[in-house]
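A structural walkthrough
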Amino acid sequence: MDAVLKPEPDPGLAADIRTQARARAPVLWLLGKVQSGKSSIVRSVTGDPGVEIGNAFEPCTRASRIHEFPADVPVVRFLDTRGLEEAGYDPSDDLAVVERGAHAVIAVARAMDPQQETLLRVLRQVRRRHPDWAIVLVQTRLHDGYPDDRDHPGPEALARDPDLEDLRRSMETQARAFRELPGHGPFHQVAVDLTRPEDDFSDPDYGLDALLDALEAACSAGRAGLIRELARNARDSRQARIRPHILGYATAAGVTDMVPVVGMVTVPTLQGKMLHSIGEFYALTWDRPTLKAFMASLGSGTLLGLGAGFAARQLGKLIPVYGQAAGAAVAGAASAAVTYALGRAACYYLEQVRMGVNTPEGVSEAFNGALKEAHTLFRRQNGLNPSPPSGGPHS
C-alpha cells in the first residue's frame, strides 16, 4: 500500500492527469451583461466562496476567461465572456473552446432588465451553428422587482401575488424572446436570487436547486450529477469545503483507470497527490509516522482488500472484449470510489490529529461509509448498476 499512499506525486504525470481531466470536464458557458450575476452562479454551484470574476478566472481568449473547479483535476469548467457588451463581439473564439468539451450555454439576465438584445444576438449566432445546443436562461436579482424590503416570496406568492405583477411580466417577456431563438435544442428557464449573507435574505441560495436541475438536464449525461455533488453542503464544515476536491481526484482516478495498464500508474499517483493536497488544506504534513498511523487506523483487512481488489481489476481489464468494455467500466467506478473513500478517511484522520484525538475506529468507519456512498455515485456515472458488487465493497 506504500504506492497508494505515496504523498509526493510525479509532477509530469500529475500534469498529464490534469490535462485528461480538463478535456473531459463539461464547459458551462456563461453569457450575460456586466453585473448580471455570473460570479454568483459560479460561487453557488461550486460552493467556493472565494470565486470572484476578476481574480479567480484565468485568461482564455482575447475576450473571455475560464475558471476550473477544482483547479488540480477539474470536474467542471466555467467560461465567462467579458466582452459581451463590446461592439462587434465575435463569439467564434469562445465557440472553439466550448466545442472541445461537453457544453451548456447559461444565459444570465437580470429579471427586471428588458435590454437583452446584445445577449440574444450572440445566442442567435450560437444556435445557427449548433441548433441542438441547450440554453439555460437564468433570471437573476429577483429582489429588484420586489415593491418593498420584503423577503423572498414562496412559489405561490411569486406566481400570484399582485404586488409582484411587474416582476412576473418582465420575466415572461424576457423568456419569450429567448424561446424564439433559432434551433431545436432544449430551453430551460430558471429564476434565482443568489445573494451574500450580509444582504439579510433568509435564503441566500434562492432558486439554486432549480438551477442545478436545469444544469443537470442541459449537460451531457454522466457528469451532470457531479455538478450537484459539488454544490451540496459545500459552505459549512472544513470537510465539506475539501469534498469537491476529493471528488475531482476520484473522478480523474476513475477515468484514467478505464484504460488497461495505465491505471496501475495513474491511480496511485492521483491518490498520493490527493493526500498531499488534503494535508496542505489541513496545514499538516504526511511524514512517515503520520502515514503509518493513518494506514493502521484503516485496518489491515481494509488495506489487504484494497490491494487485492486493485490487482484483480487491473487483470480484468486485460481480458479481450470484456476488459475493453464492462471490465474497464467496473474498474473505473471502483477506483473512483476507493479514491473518494480514501480522501474522506484522510480528512477524518487529520481532523482528529488537529484536535489531539486518537480514534482509529472512526477512520475505518469514515472510509467504509464513504465507500458505500461513492459506489452508488460512480457506478451510476459509469452506467452500471448502482448497487455495490455482491462480494462486498472491495470485490
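Quick notes on the rules
- Residues numbered from 1 in each chain as written.
- Predicted model: local features only at pLDDT ≥ 70, side-chain atom pairs only at ≥ 80, totals over all residues.
- Heavy atoms only, no water.
- Helix = DSSP H or I, 4+ residues; strand = E, 2+ residues; numbered from the N terminus.
- Buried < 20%, exposed > 50% of the residue type's maximum accessible area, 1.4 Å probe, protein only.
- Contact = heavy atoms within 4.5 Å.
- Areas by Shrake-Rupley, 256 points an atom, 1.4 Å probe, with all protein chains shown as cover.
- Pairing = 2+ DSSP bridges.
- Phe/Tyr/Trp six-rings, centres within 6.5 Å; stacked < 30°, edge-to-face > 60°.

Secondary structure summary: the protein chain contains 14 helices and nine strands in total. Relative to its 395 residues, the protein chain shows a buried fraction of 53%. For the protein chain, the share of sequence-separated contacts (at least 6 apart) that also reach a separation of at least 24 residues comes to 71%. A total accessible area of about 17500 Å² is found for the protein chain, and carbon and sulfur atoms account for 52% of it.

This paragraph deals with the pairing of strand β7 (residues 187–191). Only one face of β7 is covered, namely the one carrying H188 and V190; the face carrying F187, Q189 and A191 has none of its residues buried. Examined bridge by bridge, strand β6 (residues 135–140) and β7 share five bridges and lie parallel to one another. Its bridge partner being in β7, V136 is matched across the sheet by H188.

Geometrically, a pair of aromatic rings is defined through the distance of the ring centres and the angle of the planes. Tallied over the full model, the rule gives four aromatic pairs. Relative to Y282, the ring of F281 lies with its centre 5.7 Å away and its plane at 70°, an arrangement referred to as edge-to-face. The structure contains a cluster of three or more aromatic residues connected by ring pairs, namely W286, F294 and Y349.

Another point: the pairing of β6. Buried residues dominate β6, accounting for six of its six residues. Of the two faces of β6, the one holding I135, L137 and Q139 and the one holding V136, V138 and T140 are both buried throughout.

Quick look at the environment of A374 now. Among the secondary structure elements, A374 is positioned in helix α14 (residues 360–381). Distance in space between the C-alpha atoms of A374 and A334 is 8.8 Å, their sequence separation being 40 residues.

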